[in-house]
Amino acid sequence: MTATDQTLINGEALPFNLTDVDRATLAQTDEEFEPHSWEELKTIVQANDLAAFKRYPSQLRRYLAWSNEIKAKYGSIPNFVCEERLHWTPSRIDPSAQASGLEPHTPIPFAHTADYRVLRNDWPYATPPDIAHLVIWLKTPFAVDSKGYLLPEGQAQIQRFVDNAFVKPLKAIYGEEQDRTLWFKNWSALQSVGALEHFHCFIRGAGEQLLTEWTLEGKRSLIDTQHEAGIQGSRRSPGGAMSATRGSQKVFAQSGLNPSFDPSIESFNVTQVSYLGWKVSQPYSDIRVNTRIVFAKSNLHRLGFRCSRADFPDLEGTKSFASNHYCKDISPIMIPFNKPPLTGTELRYVKAATETPNLCGNGEFTRRCQQWIENRLGSRSKVFLTTSCTSALELAALLANIKPGDEVILPSFTFVSSVNAFALYGATPVMVDVIPGTMNMDHQLIEAAITTKTRFIVPVHYAGVACDMDAIMTIAEKYHLMVIEDAAPSLTATYSSRALGSIGHIGCFSFHETKNFTSGGQGGAIAINDPSLFDRAEILYDNGTNRRQFFRGEIEEYGWVDVGSNFVMSEIQAAYLWGQLEIADRITTRRQQIWARYFAKLHPLAKKGMIRLMEHEPECAHNAHMFLSRRGIND
């Protein structure tokens, strides 16, 4: 090793030898790094090339620092695993010993359930989110040769266990399809916990319920938490296939304060820290057992919490088992992305809707909702409720007479519906980059993307924060382009006192359960802001017929006069939505209060470069749809 290899950046000795892969990984950023695929994992295991396993660069750096801290605190990593993860006695192990000194119930591996435990790997190798990395710990050692390689007897014991414990439950889900489990036992030279018998198992597509049953704990790995909340977010975008922060972000919380979770502030491993919550009221539904959580006093101080027992009088069952620790048994919970509001009137209105002759839509509740939205958007808007924002965008594309080969300018950071709505009709999406502070389309890049085939600009108001609509409309007017606003989460948000969704020629909204207002799970609306499009929009909205004119007595009979589809929201959904819209201002005010609290508490961390918060210009009055924080410049 070189002198650089032998020490960490902070001058501490390495806790274990680095492989060539580790050194190459440390020279990369997470953005440059590519995780293992399932096929690559199989190749590594089948070739017994275990030194080829790799972790994300940020994970590996934290793992090195964490290992040093654990060794300083517990004497060795095996001691930590026994004491804090397995709760086996004796909890202190001689790392130089060939055996752990633990007393099994039987010398036969897996013969007694108390002699082994399945846990999630606290520091998993880099894999896609659907691949779980488990570690199976045993009190009984396997038979190995002089080089530490498993003998056939040990291999057969492990394979039988994997088949019974993992393969059979997966077969019940996926039928006879195999290739979902992959186990290996590290060489002695690669083990950081050599004094404790264990082997590893990758499992593909198990799902949280099975993993919880197997491990008796929820998703808990510190670095896995960071992997989902930060690393995945840096490689994708928020909300779905083209969105960032998929999966659940684990955070610390006290009395509603939810600063972003960062494992680097820890000097120990905590079990399922998704909530620091001194008051736990909403258990995570997939967690079936209570979990002991240990907080080190020094780390709580670093988080800004006081640690005297007297400071937490409501901690029933808390005991001080060491001079600098506190513990509490809680059921881990996840902080949900969004809780759909319930006003208390929805079911009453739904019942009323069932007693009308218009269950299919276009009844009294539809009229109320459409009128309410039109009043919010302004006098020039005509609104139709739709089955979703996706269908609203598809109706907009149809109304705009989009043709194969037409080009549509969109932001590179958006949900797939924004693109699919136009690609369905043969249009070519042209993506422009976003402004890092807002994640909205960079209007300064639009003109460079315009060609003779460009027909539309589709600004997406991310998180209810407005794009620069003045600049976008100026460009659209200059090049005679139509602007279709994807304002999915943006109802009640404004730009220079103008409602989002009312500025372009067409605006589209969502009432999905993740939005500020919902029509019972799914739903949307389209706002036609160009009067020249009103009549045709009405026809396309109703299967390409002029039936509405017939119902108004304007024509003697109706027929099929244009292309179209059924975009109509049901009256039951409209009734549910009306229960939300009639107190929309109260819902928005409450969300803004919560948003402001997050900002006040997290802004000091942003000033230090620890995290990065979303930005918005003074003319953009957002509706607190989402509070976005990302890794800071110092991460």
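Cut-offs used in this document
Residues numbered from 1 in each chain as written. Predicted model: local features only at pLDDT ≥ 70, side-chain atom pairs only at ≥ 80, totals over all residues. Heavy atoms only, no water. Helix = DSSP H or I, 4+ residues; strand = E, 2+ residues; numbered from the N terminus. Buried < 20%, exposed > 50% of the residue type's maximum accessible area, 1.4 Å probe, protein only. Contact = heavy atoms within 4.5 Å. Areas by Shrake-Rupley, 256 points an atom, 1.4 Å probe, with all protein chains shown as cover. Arc of directions from axis to C-beta. Salt bridge = Lys/Arg side-chain N within 4 Å of Asp/Glu carboxyl O. Core = buried A, V, L, I, M, F, W, Y, C linked by side-chain atoms within 4.5 Å. Phe/Tyr/Trp six-rings, centres within 6.5 Å; stacked < 30°, edge-to-face > 60°. Lys NZ or Arg CZ within 6 Å of the ring centre and 35° of its normal. Axes fitted to C-alpha atoms, helices over the stretch in contact; angles between N-to-C directions. Parallel < 35°, antiparallel > 145°, perpendicular 65-115°, else oblique. Left-handed = near helix turned anticlockwise from the far one by under 90°. Pairing = 2+ DSSP bridges. Polar contact = N/O pair within 3.5 Å; in protein donor to acceptor, adjacent residues only side chain to side chain.

**Student:** Got a minute to help me understand the overall build of the chain in this structure?
**Tutor:** Within the chain, the regular secondary structure consists of 19 helices and 19 strands. Residues classed as buried in the chain amount to 53% of the 635 residues present. Contacts spanning at least 24 positions in sequence make up 67% of the contacts within the chain whose residues lie at least 6 apart. For the chain, the accessible surface area stands at approximately 28800 Å², while carbon and sulfur atoms represent 51% of it.

**Student:** Can you help me understand helix 15 (residues 469-479) in this one?
**Tutor:** In an α-helix there are 3.6 residues to a turn, and that puts residues three or four apart on one side. The set of residues buried in helix 15 consists of Met-469, Ala-471, Ile-472, Ile-475 and Ala-476. Buried residues of helix 15 fall within an arc of 160 degrees about the axis and therefore sit on the same side. Across from the buried face of helix 15, at angles greater than 90 degrees, the exposed residues are Thr-474, Glu-477 and Lys-478. His-480 sits one or two positions beyond helix 15 and adopts a positive phi of about 60 degrees.

**Student:** I'm lost on the side chain of Ser-417 in this one. Help?
**Tutor:** Note that Ser-417 resides in helix 13 (residues 417-423). With sequence-adjacent residues up to four places away left out, Ser-417 is seen in contact with Thr-390 and Leu-393.

**Student:** Could you clarify how one ought to interpret the pattern of salt bridges in this entry?
**Tutor:** Two side chains bearing opposite charge may form a pair once their charged atoms approach each other closely. Taken as a whole and assessed by the stated rule, the structure comprises 21 salt bridges. One salt bridge in this structure joins Arg-204 and Asp-179, with 3.7 Å as the shortest N-O distance. Note that Arg-204 is positioned in strand 4 (residues 197-204) and Asp-179 in the loop between helix 6 (152-174) and strand 3 (181-184), a separation of 25 residues in sequence. When salt bridges that share partners are traced, they join Glu-39, Lys-42, Asp-179 and Arg-204 into one network.

**Student:** I'm lost on the nonpolar core in this one. Help?
**Tutor:** The nonpolar side chains of a soluble globular protein tend to be buried, and buried together. Judged by nonpolar contacts, the single largest core of 60 residues is most densely connected at Ile-373, Leu-385, Ile-484 and Ile-506. Ranked by the residues each element gives to this core, the list is headed by helix 12 (residues 389-399), at eight residues. Among the nonpolar cores identified, the runner-up in size contains 22 residues, and Val-118, Phe-161, Leu-170 and Leu-211 belong to it.

**Student:** Help me understand the packing of aromatic side chains, please; the structure alone is not making it clear to me.
**Tutor:** Working definition: an aromatic ring pair is given by the centre-to-centre distance plus the angle between the planes. Across all of its chains, the model carries 30 aromatic pairs by this definition. Seen in terms of ring centroids, Phe-33 and Tyr-56 are 4.9 Å apart; in terms of plane orientation they differ by 45 degrees. Their pairing is tilted. You can see Phe-33 sitting in the loop between helix 2 (20-26) and helix 3 (38-46) and its partner Tyr-56 sitting in the loop between helix 3 and helix 4 (57-74), a full 23 residues away along the chain. You'll find Phe-33 and Tyr-56 in the same group, each marked buried. With a centroid separation of 6.2 Å and an interplanar angle of 65 degrees, the aromatic rings of Phe-142 and Phe-199 are classed as edge-to-face. One end of the pair, Phe-142, is in the loop between strand 2 (131-138) and helix 6; the other, Phe-199, is in strand 4, and 57 residues separate them in sequence. In this structure Phe-142 comes out as buried when scored by relative accessible area, which is 5%. Overall, the relative accessible area of 0% leaves Phe-199 in the buried class. Above the plane of the ring of Phe-33 lies Lys-54, whose end atom (NZ or CZ) is 5.0 Å from the centre.

**Student:** Hey, could you run me through the side chain of Asn-546 in this one?
**Tutor:** Its place among the elements puts Asn-546 in the loop between helix 16 (534-541) and helix 17 (547-551). Excluding anything up to four places from it in sequence, Asn-546 contacts Ile-539, Ile-555, Tyr-558, Gly-559 and Val-561.

**Student:** Explanation requested: the packing of helix 11 (residues 364-377) against helix 18 (residues 571-581) in the structure shown.
**Tutor:** What describes two packed helices is the angle between their axes and the distance between those same axes. In contact at an axis separation of 8 Å, helix 11 and helix 18 are set at 45 degrees when each is read in the N-to-C sense. By the angle between their directions, the pair helix 11 and helix 18 is classed as oblique. Crossing geometry of helix 11 relative to helix 18 is assigned as left-handed. Residues Glu-364, Phe-365, Thr-366, Arg-368, Cys-369, Trp-372 and Ile-373 of helix 11 lie in contact with helix 18, whose contacting residues are Glu-571, Ala-574, Ala-575, Leu-577, Trp-578 and Leu-581.

**Student:** Sorry, what's going on with the sheet that holds strand 18 (residues 620-621) here?
**Tutor:** Sheet strands line up and pair through hydrogen bonds in the backbone, either parallel or antiparallel. The three strands are arranged 14-13-18 in an open sheet whose pairing can be described as antiparallel. At either end of the open sheet lies a strand with only one pairing partner, and these are strand 14 (498-499) and strand 18. Note that strand 13 (residues 494-495) and strand 18 share two bridges and pair antiparallel. When the sheet's bridge partners are listed, Thr-494 is paired in strand 18 with Ala-621.

**Student:** What am I meant to see in the pairing of strand 11 (residues 454-457) here?
**Tutor:** A regular strand places its side chains so that they alternate between the two faces of the sheet. Bridge count between strand 9 (residues 407-411) and strand 11: three bridges; the pairing is parallel. Its bridge partner being in strand 11, Glu-407 is matched across the sheet by Thr-454. Where strand 11 meets strand 12 (residues 482-486), two bridges bridge the pair, whose relative direction is parallel. Looking across to strand 12, one finds that Ile-457 is bridged to Val-483.

**Student:** What exactly am I supposed to notice about the environment of Arg-380 here?
**Tutor:** With respect to the element layout, Arg-380 can be found in the loop between helix 11 and strand 8 (382-386). The partly exposed category is assigned to Arg-380, whose relative accessible area is 40%. On a C-alpha basis, the gap between Arg-380 and Ile-528 in space is 8.2 Å, while along the polypeptide they are 148 residues apart. What Arg-380 contacts, discounting residues up to four positions off in sequence, is Ser-502, Ile-503, Gly-504, Ile-528, Asn-529 and Phe-534. Among the polar contacts made by the side chain of Arg-380, one reaches the main-chain carbonyl oxygen of Ile-503 at a distance of 3.1 Å.

**Student:** Looking at this structure, I do not really get unusual backbone geometry. What am I missing?
**Tutor:** If a residue is not glycine, its phi is most likely negative; likewise, a peptide bond is most likely trans. For Ala-463, which is not glycine, the phi dihedral falls at a positive 60 degrees. Structurally, Ala-463 can be placed in the loop between strand 11 and helix 15. Positive phi is not limited to glycine here, since Asn-543 has a value of about 65 degrees. When you line up the elements, Asn-543 lands in the loop between helix 16 and helix 17. By relative accessible area, Asn-543 is classed as partly exposed at 37%.

**Student:** Can you walk me through the sheet that holds strand 11 in this structure?
**Tutor:** Strand order in the open sheet formed by seven strands is 8-16-15-12-11-9-10, with mixed pairing between adjacent strands. Each edge of the sheet is formed by a strand with only one pairing partner; in this case those strands are strand 8 and strand 10 (428-432). Ignoring strand direction, the axes of neighbouring strands in this sheet form an average angle of 25 degrees. Alignment of strand 15 (residues 506-510) against strand 16 (residues 524-528), held across five bridges, turns out to be antiparallel. Bridge pairing links Ser-510 to Gly-524 in strand 16.

**Student:** Sorry if this is basic, but what is going on with helix 7 (residues 207-215) here?
**Tutor:** Within helix 7, the full set of buried residues consists of Glu-208, Leu-210, Leu-211, Thr-212, Trp-214 and Thr-215. The elements touched by buried residues of helix 7 are strand 1 (116-120), strand 2, helix 6 and strand 4. One or two steps after helix 7, the chain reaches Leu-216, where phi turns positive at roughly 55 degrees.

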